[in-house]
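Coordinate inspection notes
Read off the chains here:
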Amino acid sequence: MLDHGNGHLAESANGRAVGPDKTVANAVVQVTDLRKDYRLGADVVVHALRGVSMCVVPGEFVAIMGPSGSGKSTFMNLIGCLDRPTSGVYLLDGVDVTSLSPDKLAELRGSKLGFIFQGFNLLPRMDALENVMLPMMYGGVSGHERHERARAALQAVGLVDRASHRPSELSGGQQQRVAIARSLVNAPSVILADEPTGNLDSRTSTEIMGILQALNQAGATIVLVTHEPDIAGYCSRTVAFKDGLVVSDEPNRRIVSAADVMSGWPPSDEESA
Ligand code: ADP
């Protein structure tokens, strides 16, 4: 048994499913025997998730890894409340989301979850500030407070001076920083990042991981899907999926500091100009 130091235990890999053996009181995400089948026509069923049990506690920075088709996106869609499991239990901040109505689910998604995508998913006709304000549209937040909170979120990602720029006027890394600010603005319980560096060069990827590490150190809980071991090295725990199961779940013994990596770089053209 592996003790993750966060109150849950897991069987070691060997191709077997691993997962917690008890409910963790303060878990932000707790899934138990989560299964998802996709039915293709009358006879074909794809078992995309075949019984996933795991939990994420506040302050963790979890990397989800695994080969293509192993169930990572399906898992993220379920914990992001974008889809419902075929069976199993999902508690988000202690709330059983599998029994909620679509309206309640959407409300919970908006208040408890922040999303960061590979393709940034910013609205092109809105400037950075307006994009960051979007998740607050349905939360009953006053216009003035929306504005203030969006500016603070842009400040947190070092981009407040680009508040009035549209996405097309920003680099890929800057667009992803706007998307990170947008994910933060409702102070979610967990930020879900799906290949957030997948469209970025390696230098910009390190910068983005530096921002995510800083947010994590300030208390944000993050679950991030990546194909790249280098990117997982910035996280504090790696969960590996294979064939719809979690096959290993390990704390990272040597977390790489993106700030340390960046401190060894020569200045970029932009910085030295
Ligand atoms: P990953 O993100 O690790 O690449 P996915 O979760 O996308 O894996 O896919 C897991 C399995 O489920 C794959 O066999 C995939 O083909 C299948 N799958 C994913 N989404 C659907 C869908 N909407 N309909 C049918 N099969 C799907």
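Sequence order as written defines residue numbering, which begins from 1 separately in each chain. With pLDDT at 70 or above as the cut-off, local features in this predicted model cover only qualifying residues; side-chain atom pairs require 80 or more to be listed or tallied, and sums for whole chains, interfaces and linings still use all residues.

**Regarding the overall build of the protein**
The cut-off we apply is this: Only runs of H or I of at least four residues qualify as helices and only runs of E of at least two qualify as strands under DSSP, and these elements are numbered from the N terminus. Any two residues are considered in contact once their C-beta atoms, placed from the backbone, lie within 7 Å.
Within the protein one finds nine helices and 12 strands. Long-range contacts, defined here as pairs at least 24 residues apart, represent 68% of the contacts in the protein between residues at least 6 apart.

**Here's the deal with the sheet that holds strand β7 (residues 95–96)**
To be explicit about the condition: Any two strands are treated as partners once DSSP identifies two or more bridges connecting them.
The strand order across the open sheet formed by four strands is β4-β3-β6-β7, and the pairing between neighbours is antiparallel. Two strands in the sheet have a free side with no partner beyond their single neighbour: β4 (44–56) and β7. As paired elements, strand β6 (residues 87–92) and β7 share two bridges and run antiparallel to each other. Residue pairing for β7: leucine 92 is matched across the bridge by valine 95.

**Describing the site of the ligand**
Going by this rule: A molecule or strand has a residue near it when that residue's C-beta atom, placed from backbone coordinates, lies within 6 Å of it. Each residue is assigned to one of three groups, with Ala, Val, Leu, Ile, Met, Phe, Trp, Tyr, Cys and Pro labelled nonpolar, Asp, Glu, Lys and Arg labelled charged, and all others, Gly among them, labelled polar.
Around the ligand lies a shell formed by Tyr38, Leu40, Val46, Ala48, Gly66, Ser68, Gly69, Ser70, Gly71, Lys72, Ser73 and Thr74. Going through the elements one at a time, β3 (29–40), β4 and α1 (72–79) are the ones with two or more residues in the shell around the ligand. Considering each element in turn, the shell around the ligand owes the most residues, three residues, to α1. Class assignment for the residues of the shell around the ligand results in four nonpolar, seven polar and one charged.

**Things to note about the nonpolar core**
Note the cut-off: By convention in this section, buried Ala, Val, Leu, Ile, Met, Phe, Trp, Tyr and Cys residues joined through C-beta atoms within 7 Å make up a nonpolar core. Partly exposed residues are those whose C-beta has more than 12 but fewer than 20 other C-beta atoms within 10 Å; with 20 or more the residue is buried, with 12 or fewer it is exposed, and the C-beta atoms are placed from the backbone.
Counting residues in each nonpolar core, the largest one holds 70 residues, and the members touching the most others are Ile64, Val132 and Ala181. Broken down by element, this core gets its largest block of residues, six residues, from β4. Here valine 132 is in contact with Ala150, Ala153, Leu154, Val178, Ala181, Arg182 and Val185, once residues within four sequence places are set aside.

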